[in-house]
Structure formats: C-alpha cells, structure tokens
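# Summary of structural features
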Amino acid sequence: MTDKQQVLSVLMPISTALLNEPSRLTVSALHDVIQTLDSSVLQELGKYVIFPLFYTLRLPLQDNNKQDLLTDICRCLEYFLSRTTVSQWDIFRDIFSCVTCKLGSPEAKGRVCDLSEELKLAIVKVLQALVRSGTKSIHNKLYSAASLPPMGHAVTVLLWLAEHEQARELKIVAMECLLQLSQADNKYKDSMSMYGDTFSSFLPGISMSLCRIVKGDSRQGQGVIVKALEVWWKIVCLVVGDAALSHHQTTNNNFPDAVDERIKGLVVERTEEWVKSTTSKLVILVKQIATLKTHSNWRVRMALVKWAEMLLKSCSRSMSESVSVFLEVLVCLLIDEYDSVSTQCRRVLTQYNKTCEDSSEARPLTEILEENLYALTTSLPRQIRMADEEEKLAVVNLLGGYLALLGPNVNSLLRSFSHLKRLSLALVQSLEIDCTDLKIIEERTTISGHEIGIVNSERWNDILKPRKFYQHFRDRNIEKGLLYVCNVLGQYGDIHILIDHFLDLFQETQVYRLAATVIMNEIVAGTVLCQNPGKELFPDYCTGSTYNPPSAVQNIIRMLIDEYLSSFNLTTSVKEKSQFKSRTSVKHSLLLAESGVTTSPRLAVSSDTPSVAVLNRNIMQICLFIEGIGTVAKVLGEDFKPMLIKVLYPLMEKLGDGSAYISSSAYLTLIDICKACHYRSIEELIMENADYLINEISLRLRHLPDNLQTPLVLQAMLHHSSERLLPVVHDTILEILSSLDDHYTDQAVLFMKVLSELTKAVVRWFPHSQKKEETCKETKSASLMDTSESRSERERKSLADIQDFFLDYHKQKQLAKGIISEDEDTDEATQGPDAGDVEEEDEDENKTNQKDLPKHIVAVKEVLLRSRHLLSSASSAQLRLLVLDCVSDACTALQDWKDELLPLIHQLWQPFSLRFDDEEKLVAIQAVSTLRKMADICGDFICRRTFKDVIPKMVNFLTKQAHLSVKSSPAYQYTINYKYQLACLAHIGYIARQIGASVIDVEKLAKSCLPYLSVHQCKPLQEASMTSVQHLIQLEPDLMWLSLHRLYSPSDLVPPAPCFKPVKVFSEPGKSNEFTDNVIKLLPLT
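In this text, all values refer to a predicted model and were calculated from it rather than measured experimentally. All residue numbers here refer to positions counted from 1 along the written sequence of the relevant chain. Owing to the predicted nature of the model, reporting of local features is limited to residues with pLDDT of at least 70; listing and counting of side-chain atom pairs is limited to 80 or more, with chain, interface and lining totals taken over all residues. Excluded from the side-chain calculations are hydrogens and water; all other atoms, namely the structure's heavy atoms, are used.

Quick look at the overall build of the protein chain now. Segments assigned H or I by DSSP are reported as helices when at least four residues long, segments assigned E as strands when at least two residues long, and all are numbered from the N terminus. Within the protein chain one finds 53 helices and zero strands. Within the protein chain, the proportion of its 1086 residues that are buried is 50%. Expressed as a percentage of contacts within the protein chain between residues at least 6 apart in sequence, the contacts between residues at least 24 apart total 76%. Working note: accessible area of the protein chain is about 52500 Å², and carbon and sulfur atoms make up 52% of it. A 1.4 Å probe rolled over the protein chains alone gives each residue an accessible area, and that area as a share of the maximum for its type sets the label: buried under 20%, exposed over 50%, partly exposed in between. Here, two residues are considered to be in contact whenever any of their heavy atoms come within 4.5 Å of each other. In this description, accessible areas are obtained by the Shrake-Rupley approach with a 1.4 Å probe, and a residue is regarded as covered only by the protein chains that are shown.

Structure follows, in structure tokens:
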C-alpha cells in the first residue's frame, strides 16, 4: 500500500488496540500490515508503529504469557528497524536503553534477567537492528564520551550472553550484535578512529571474555568458537591495528570539556604507552588462543589461520611481541591434514615472506625459522616428557612445519654439527619405544595368508601391522608428525650425512637403537616418497631429492641392509637363549679340553636369563629391521630384485617365527616386496626363488646346531605355496626326516612343526572332494565307452566284483577282531600250486604300487611312521600335541588311500591309546579330537580296538567326574578336567556311531552320558550330553528309549496286549525330576 490515508486507516485501529489491550493477536496483525507497506511509507508513518510497540515493550513482566507477547513485539520491532532508519537521537536512545535494561539491569553488575531464550534472542536482534539502522549523526552521539555508560552496559550484557548462555544461536547472535556495535565492519571509514577510541575502553573485557569462550567447553560447538575468533581479531584490529593507530594520530578526537568527571575516568587515550602496555598483555591471550592449532575440527583451525593472518597483516608493528606466535600457528598448521587449511597457511606465509623481502626493516623469514628451529629442537625432549598430549602434538607439528618451510635450506642446518646433534637427539629421545608390555612376547603366530594375492588383496589387509607404543606419548597423531619430520629430512636433506650420523647413534648405545632404526627407515622412505602427498611447499622436490641421486640412495641402502642383516638374529625367547648357551658351553669346553685347561661348570655356563624387557626390545628391533627392508623395497621398486638374494632367506626364516610381531612384520614386508618386484603373490615369489631357498636349507641343515631356525624356512614355504612346490621340496623333506632321525632327542619339536605343516599343506593342496570328482568323471567316461559290451558280460563282472568285495571285507573284519593274524593271512594267500609265482607277483606288485604312489602320499606315510615313536615321548607335552595334530591331518590326507592308511593306524594304535591316560590333560583332549578324525575315516576298522583300549578310559573318567561336576561352581568350568570332560562327552557319541558300536557298547556309553542330562550339571555339559545321546539314538533307538524312560517317564507304559507283562521303570510316571527337561526333548527322537 502506498496511499498514506489508506495506510493510516489501517494502522490507527491496530495501534490503538495495542495501546489499550496488548495481545499477541494484535501484534501479529500489526506485523502483517507493516509487511505489506512500502519502505518509504513505513519510514514516514513509523511513529504510528514504533510508539505502541515501544510503549508495550516498557511494560513490566508478570508471567510467561507476557514474555511470549514481548517476544512477538521484539520480532515486529526488529522487522520495522531492518527496513527503516532512525535519525532522531531521543527515539534511538530510549529504545537502546529500554532494550539493554530489559536484558539486564545496570545494578545487576552485568548479569542478565531471568528471561526465556526466545525473548533474549529477540531482544538481541532488536538491538542489532537498531544499531544498524542508526544514521551517521546517531553514531556520532552514540560513540561519544557521554554515551560510554549505556554502551558499556550493552557490551557487558552481550558478553555475558555469549559466555554463559547454553543456546548456540543466542551465543552467536550476541557476538554478532557486539561486532555490529563495535562498527568494525562499518562503511564509514572516516569514523573508524571514533569507534576505536570508544571501544578501547572495553578492549580488556571483550578480549578476555572472548578468549574464555574460545577456550571453553568443546560441546558449545565449532560455530561459537569460529565466531568468537572472528569478533576477537576484528575488535583488536579496530583498536590497536597499525592503520587505526596511524589514523588516530593524524586526527584530533578530543572529548568536550562538558563531559562529567566520572565519565572522563572511563575515557581511554590510545597513546604509545597505552598501546605498548595493552599489546604486552594481549600476548598472554594470544598464546592461549594459539593452542587451538590442535583442535579436532578443521573449521576451527581454518578460522585460527584467518585470525593469525589478519593480526599478522594488520597489527605486525603494534603487536610485534605476538608475531612469533602468529608464525608458529601458521607453520604448525602448514602440515594440516586438510588441504584447505594447509593451502591457506602456505599462501599467508608466502605473502609474509614477500613482505619481509620488500621491507628493509623486517628480518628474512629463513633466518627466523632457523633460529626458532634451533630453540625448538633444544626444548623438544623436555616438552615431549612433561607437556600434555595436545601441547606435544602442537610442538611436533611446529617442528614439521619449520622443516617443510625451510625445504632445501635444511641442508645448511645439517652441515652444522650442533644443529644436527640437537635435532637427532630430539628425535631419538622423542621416539623412544616402550618395551615393557607383556603382549609383545606373549602374542604367538596365528597362521594366516593362504591363497592371498597382490592384485586382488582384500584379505591380507586383515593381517595387522604390529603397533609400536612410545614411552612419552600415546596419540597416534604425534607419531605421524614425528615420522613426517623424518620424511622431510629424507626428502630435502643429504642422506649420506643423515644415515651416517644415525648409524653412529645406533652403534653408540643400546638405548637409542630402536628409535634410530625407526628414524633411518623413515628417512629412506622420504628420499622419494612424501608422507602427505600434496602438502609440500616445493612440489619440484616431491618426486625425488636434488641432493640424493638414485645411485647414492642405492649405495646407502645396501650399506643399511648389510647393517640390518648383521644384527638380524637376536634372542627372542628364553628357550633360544638356553639353546645358545648350551651350544656355547659345549664349544667352550671342547676348546678348553684341547688346550688342557679345566674349568668349573659355573664358568662354562652363565646363569643370567634375559628379562622380559630385553626380549621385547629384541623382538621390536627385529620388527623394525624387517619394516626397514619393506621400506627399501617400496623406494627402489624393481631395482630391489638384485637384493632379494640377501634378504629373502632371512625374511622367510622370520615368517615362520613363533612371535606374532615378527611373523606379521615379515609377511607385510614380503607383500611390499611382491608389489615392488611385480610378483602376483608370495607363492609366486617363493616359486621363482625356490631353488635358492632349497639350496640354503640343505646347506644349513648340515650344521643344524648353528642354524636351528632353518626348518622354519621350509615350514613357511609350505604354508604359503601351492602343490607346485611339492616336487621341488621333496628331497628337502627327506632331508628333514633324516635330520629328525638324528636329532629326535633334542630337536624333535622343531622338526615336527615342519612335518605338521607338511600334512596340513597336503590336506589343503589335495582336498578329498577333488578326488571324488575325478573318480566320478572317470566312472562316467568309462560307462560311456562300455556301450558296446553286452549286458550279460557287465552283470558277470559286477557279480565278481561284489563277491571279491565281501571276501575282502570278511578278511579285514577277522583281522580287526584278531581272529586271524596277518601272518596266517599271508600264509593262506601264498598256499596253492602257484604259491611261488603268486609271491613273486605280489612282491613285484608292491614295488610297483610303491613306485606309483604320489610323492605327497609317500611323504605323509613317512611322517606317520616317525610319529609312532614320538607319540610316547615323555620329555615334552608340546611334542605329543604336535604329533597328535599331525596324525589327525595325516588321516585326512590319506582318506582316499585306505590301503596305505589302515596298516599305519594299526602300528600307531598302541602308543596312541596310551595318550588317553596322559598326565597332561591337554594331550588327552587332543587325542579325543584325533580319535574322532580316525573314526570318520577308518570307520569300523578301529571299532574293536577302540572299545577295548579307549572307550573304557573315557567312560570311567566321565562316570567319576559326573559326581564332581554336579552342582559345581562356575570356577569349575576353568579347570583342565572340565575341558577334558566336555571333549569326551561331546565326541563319544559321534565316535560310537561312526565306528558302528554294538548294543552292549551303546548301553555302556548311555550309562556314562545320561547322568549329564541333569539340570544340576553345567549347561555346556548338558548340551554335549544331548548331542552324544542323539548319536546313540541313531544307533539303538529302542535301547535309548527304554534308558530315557528310566530317567523320566511322562506317562504309564501300557502293554499293547494282555499277554505282555507291564514294564516297570525306576521313575514315577508323570512326576518331574532333574532329568525331565532334557528327556522330554530327546524322547521324540527315539
């Protein structure tokens, strides 16, 4: 609407109603009307709007409904002020005073009244719109000395809201209003001196309050911190900025003499002394705000970069004491993980460097960086030890930023011995590795990595890289920062100087060895690699270092690998230490005997035992050596192939190590080598270099006491290869078997690990399903070729085959039951007119069959033959466990070769059956698992001997333990007897079903299993018993039905006819007992 009369006819009734009876509906109607008015009309008729709103706003608060009304009034007034200008000082002053007093009374010492957050937000927005709508004449009066008290009250209230309120929007709007009140972004540039003079009185309070907000609770949100930083630097630049101070000196802004004396005490003159005193105090706040460089939110770090940039640009002279802090912030964030932050820092530092070069008074940036770097490296060890994690991260990032900013100029520092020594000591002392954790030596190798390729390598990522823990910090970002420092040194520094110096530290003392190794590895990585791609100040140096040509790098790397390999075999277990001491003592005694000197045993063998910390340190040292080799492979790429002959055998040796840390490191390093040398998998790497590895194994086996880790190489090869390796290592396997025969008393465990891995490899390489599929294919092709044969001939052949099968089955049954011996069977077979010819034919056939056996079958047979003697070893429970595991895998490998397996089982049986009485229950548990595997494969061949030699032992143990486990405490489940009890109970039913138990045997087994159906037994024992009973039900359902009814009978058993006698059971029909729940689940299965 543009007609004034029409507008008045609409406004007057609403304004009158608002004055007489204020209500939210009236305010809403007024708001709707002014939204339709033109700005020019609204400006002319503003008194009809502002007077009723202002009058109603001054009414005292009575209840919450009144607060809602005032909120609507403030929103309407804000909208009105945003579209108009206020040129009358009286109106501006009244509204300003009313609004600020509504928030908080001046007598309340800055505290805000108890209002709703919505009302506070609306009032602050009104104040912001009011200041924005004031004309220049209004500003001249508002920012005069006479207005300092109301202005100070407004500033105090806004700071209280920004600091103590919980609502984020209210805090941000309060700071925006404060910024609007300061006029730091005002378009009237000629009045900036006046604004600065006014706000110089409030600068201490504003700067400290905003600093507290910045350093406050992180839960307030990144938006609040970002806004506080923005307001801080803008108001500081307004008051003590170089341009503001120079403009203030050229203008004369003396306050009139008519001002009250009390108000004159509030006026601040920005003299040189005041500026110097104020900026020296601001340094404290600047340092506190600078700690945000380690804030987790990148937007806060970006705002901090803007804060440092503007203060460095606008206050470099007035705040000269804080310039170093601003530079530290920018240098620290130069290596930020977010590109936007690091790019902004790079741009600001580049501009500042140009400014320094153009100015004759400013010092060169490089000189400043070198001095700061020297001071930082001096204090770094102390700060790493004493500061908190955030401060440590800031210091490390600052060090990385200094080196990255110096770039190629870092070589001038490295050529100074004092600089190099301080830097190296700072790094090695910061990167001290903590070796006190028991997990390092406790974690054992978990076999993994089958069929993992490099091209399609999703699975090898599951093998975790051993984590390093440091003595002085736990934050991984600090580790990344320190490693980045090493990368930058390798990228820009002279590698000859660096490696030579850190090798001296490595050899100087054992304390620095681990850290020096880490540093050298990262320096080598930095020669051609960048820790953070795209973050370099000098992109020309990213693809390689000017000071490190490839030939020089390769020479250094060869020297480093030789140094690593010379210290590769460290003691990693007490067992290795004892073996080494025994070998040393034997050699020492032999030498003394030759020379005719006698000595006491105490002199010959030292009694010292390495501590856990020493063993952990050795393990970590070997891991670092291995990681270094992987780093070298990444650096050299295909040029690493000539070095394979040096490193492959030691790496394969460590791959088979028992320590999880060492084996995982070796595996990941081999992955890196495969990538660098373009091998598709570790299997291909082994196959391509198998001849070299086999030759090394053969040579070292001849001197086994000095090369006890040699069998581990073959173990690793078998584990990570396919069946293509078997022809290559067949002779070596025979050598291992021969060495086992020579060292079965002292090194049987070592060799059995290899043989166990061999049987597992055979099972993996030649699965049972594949054999069946080939047999089915051959049968199918044969049936297709026999289409020309007559039906009668095929039937005659099939009848003969069936007859031979049953005769052979009958003979094997008699052999198994002991009715006839093998000698009698042989005599019967050789009787007859052509006995001599038959015997010769059998011998020839056996030789032919032996020659026709595949190599993997021959190898597994030889392993089983050795297992017979080792199974009764009383010296080592570990050896017996390995042998049982090996027997189980060998049975799986020979399941398609029953003619070879069954005689071996017959020979193994006597020592195997004794394992169920073993003193070590772990051995007995493993024997149960092995028996289950035998039952799966051999079936009824072991039926009679199982129920004669094994089952009675298991039944007796279960019967005895049933009384102990009933109503036992939860602690019982952690005993070894419980674990053996659970193994027997879980497998005994399955074993009986597989070998075909008779009715009498089933009854014996049922008596031992049924007591475990009681609810008073442990839940796992009940479940295992139910599983075994289900297997027994499949064998003899009638017998088990009767046995279950003896425990609990749901109802009376009524005979089907009078001629049958009634069946009586021990339990009362229908009466619940401890067996009821489990018996009810099993009866339907019978």
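The next point concerns the pattern of salt bridges. Any carboxyl oxygen of Asp or Glu that lies within 4 Å of a side-chain nitrogen of Lys or Arg is treated as forming a salt bridge with it. Tallied over the entire structure, the rule returns 33 salt bridges. In this structure, the salt-bridge partner of glutamate 683 is arginine 724, at a minimum N-O distance of 3.4 Å. Here arginine 724 lies in the loop between helix 36 (710-719) and helix 37 (726-742) and glutamate 683 lies in helix 34 (residues 682-688), a separation of 41 residues in the sequence. According to the relative accessible area criterion, arginine 724 is partly exposed, its value standing at 48%.

All right, on to the nonpolar core then. Counting residues in each nonpolar core, the largest one holds 346 residues, and the members touching the most others are Trp307 and Phe640. If near-sequence neighbours (up to four positions away) are discounted, phenylalanine 640 is found in contact with Ile561, Ile629, Val632, Ala633, Val647, Ile673 and Cys677. Among buried residues, those of type Ala, Val, Leu, Ile, Met, Phe, Trp, Tyr and Cys that are joined through side-chain atoms within 4.5 Å constitute a nonpolar core.

Further remarks concern a nonpolar patch on the surface. Residues Ile802, Phe805, Phe806 and Tyr809 make up a contiguous nonpolar surface patch of roughly 440 Å² in combined accessible area. Turning to its location among the elements, phenylalanine 805 is positioned in helix 40 (residues 791-817). Taking the relative accessible area as the measure of exposure, phenylalanine 805 reaches 52% and is therefore exposed. Put simply, a patch holds well-exposed residues, over 30% relative accessible area, that have no salt bridge, with like charges counted together within 9 Å and Val, Leu, Ile, Met, Phe, Trp or Tyr side chains within 5 Å.

As a further point, take helix 21 (residues 389-406). A helix is expected to reach a length of 1.5 Å times the quantity of its residues less one. When the terminal C-alpha atoms of helix 21 are compared, their 26 Å separation across 18 residues agrees well with the 26 Å that a helix rising 1.5 Å per residue should span. Counting buried positions along helix 21 gives 15 out of 18 residues, so the element sits mostly inside the fold. Trailing helix 21 by a residue or two, glycine 407 shows a phi angle of about 60°, which is positive.

As a further point, take the packing of aromatic side chains. The criterion for an aromatic pair is that two Phe, Tyr or Trp rings (for Trp, the six-membered ring) have centres within 6.5 Å, with stacked assigned to planes under 30 degrees apart, edge-to-face to planes over 60 apart and tilted to the rest. Enumeration according to the criterion identifies 15 aromatic pairs in this entry. On the numbers, 4.8 Å between centres and 65° between planes, the contact of tyrosine 143 with tyrosine 195 is edge-to-face. Here tyrosine 143, found in the loop between helix 8 (136-142) and helix 9 (148-164), pairs with tyrosine 195, found in helix 11 (residues 192-199); they are 52 residues apart in sequence, far enough to count as distant. Each of the two residues, tyrosine 143 as well as tyrosine 195, counts as buried.

With that settled, the discussion passes to the environment of glutamate 44. When you line up the elements, glutamate 44 lands in helix 3 (residues 39-44). Since its relative accessible area comes to 47%, glutamate 44 is described here as partly exposed. Residues glutamate 44 and lysine 4 lie 40 residues apart in sequence; the distance between their C-alpha atoms is 9.0 Å.

To obtain each axis, a line is fitted to C-alpha atoms, and for helices this fit is confined to the stretch in contact; angles are then taken between N-to-C directions over 0 to 180 degrees. Packing of helix 9 against helix 12 (residues 203-214) brings their axes to within 10 Å, and their N-to-C directions diverge by 10°. Relative to helix 12, helix 9 is oriented roughly parallel. Taken together, the residues of helix 12 that come into contact with helix 9 (itself represented by Val155, Leu159, Ala162 and Glu163) are Gly205, Ile206, Ser209, Arg212 and Ile213. Polar here means any residue other than Ala, Val, Leu, Ile, Met, Phe, Trp, Tyr, Cys and Pro, which are nonpolar, and Asp, Glu, Lys and Arg, which are charged; Gly is therefore polar. Class assignment of the residues belonging to the contact of helix 9 with helix 12 gives a composition of five nonpolar, two polar and two charged. Should an angle lie under 35 degrees it is considered roughly parallel, over 145 roughly antiparallel, and from 65 to 115 roughly perpendicular; all remaining angles are considered oblique.

Turning to the packing of helix 1 (residues 4-20) against helix 4 (residues 47-57), a few remarks are in order. In the contact formed by helix 1 and helix 4, the axes pass within 10 Å of each other and the chain directions differ by 10°. It follows that helix 1 is roughly parallel to helix 4 by the angle criterion. For the pair helix 1 and helix 4, contact is made by Leu8, Leu11, Met12, Ser15, Leu18 and Leu19 and by Tyr48, Val49, Phe51, Pro52, Leu53, Tyr55 and Thr56, respectively. Of the residues belonging to the contact of helix 1 with helix 4, the class tally is eleven nonpolar, two polar and no charged.

With that out of the way, let us pick up helix 26 (residues 495-508). Here helix 26 is 14 residues long and its end C-alpha atoms lie 19 Å apart, about the 20 Å a rise of 1.5 Å per residue gives. Where helix 26 is buried, its residues touch helix 22 (410-414), helix 23 (417-430), helix 25 (476-492), helix 27 (513-526), helix 28 (550-566) and helix 31 (612-636). One side-chain oxygen at the N-terminal end of helix 26 lies 3.1 Å from the backbone nitrogen of histidine 496; it belongs to aspartate 494. Whenever two N or O atoms come within 3.5 Å, that pair is a polar contact, provided that in protein one can donate a hydrogen and the other can accept it, and provided that, for residues adjacent in sequence, both atoms are side-chain atoms.

Next up on the list: unusual backbone geometry. Leaving glycine aside, a negative phi is the common case for residues, and trans is the common case for peptide bonds. Of note in the backbone geometry, histidine 678 takes a positive phi value of approximately 65° without being a glycine. Relative to the helices and strands, histidine 678 resides in the loop between helix 33 (660-677) and helix 34. In this structure, lysine 967 is a non-glycine residue whose phi angle is positive, near 55°. Relative to the elements of secondary structure, lysine 967 occurs in the loop between helix 48 (951-965) and helix 49 (976-995).

The next subject is the side chain of glutamine 895. Tracing the sequence through the fold places glutamine 895 in the loop between helix 44 (877-893) and helix 45 (898-914). Only 3.2 Å separates the side chain of glutamine 895 from the backbone oxygen of threonine 892, close enough to count as a polar contact. Setting aside chain neighbours within four positions, we find glutamine 895 in contact with His768 and Ile937.

The next point concerns the environment of valine 231. Considering the arrangement of structural elements, one finds valine 231 in helix 13 (residues 222-240). Residue classification places valine 231 among the buried residues on the basis of a relative accessible area of 0%. Distance in space between the C-alpha atoms of valine 231 and leucine 178 is 8.0 Å, their sequence separation being 53 residues. Those residues in contact with valine 231, other than ones at most four positions away along the chain, are Met175, Leu178, Leu179 and Leu210.

Tracing the backbone through its elements, the reader meets leucine 718 in helix 36. Through-space distance from the C-alpha of leucine 718 to that of valine 729 is 8.9 Å; in sequence the pair is eleven residues apart.

So, on to the side chain of threonine 732. Take threonine 732: it is sitting in helix 37. Setting aside residues up to four positions removed in sequence, threonine 732 forms contacts with Ile694, Ile697, Ser698 and Leu714.

The share of residues in the protein chain with pLDDT of 70 or more is 82%, and the mean pLDDT across the chain is 81. A residue's pLDDT is the predictor's confidence in that residue, given on a scale from 0 to 100. Within the model, pLDDT remains below 50 along residues 447-461, and this stretch shows 29 contacts once partners closer than five positions in the same chain are excluded. Below a pLDDT of 50 lies the segment residues 770-792, which in the model reaches six contacts outside its immediate sequence neighbourhood of four places, other chains included.

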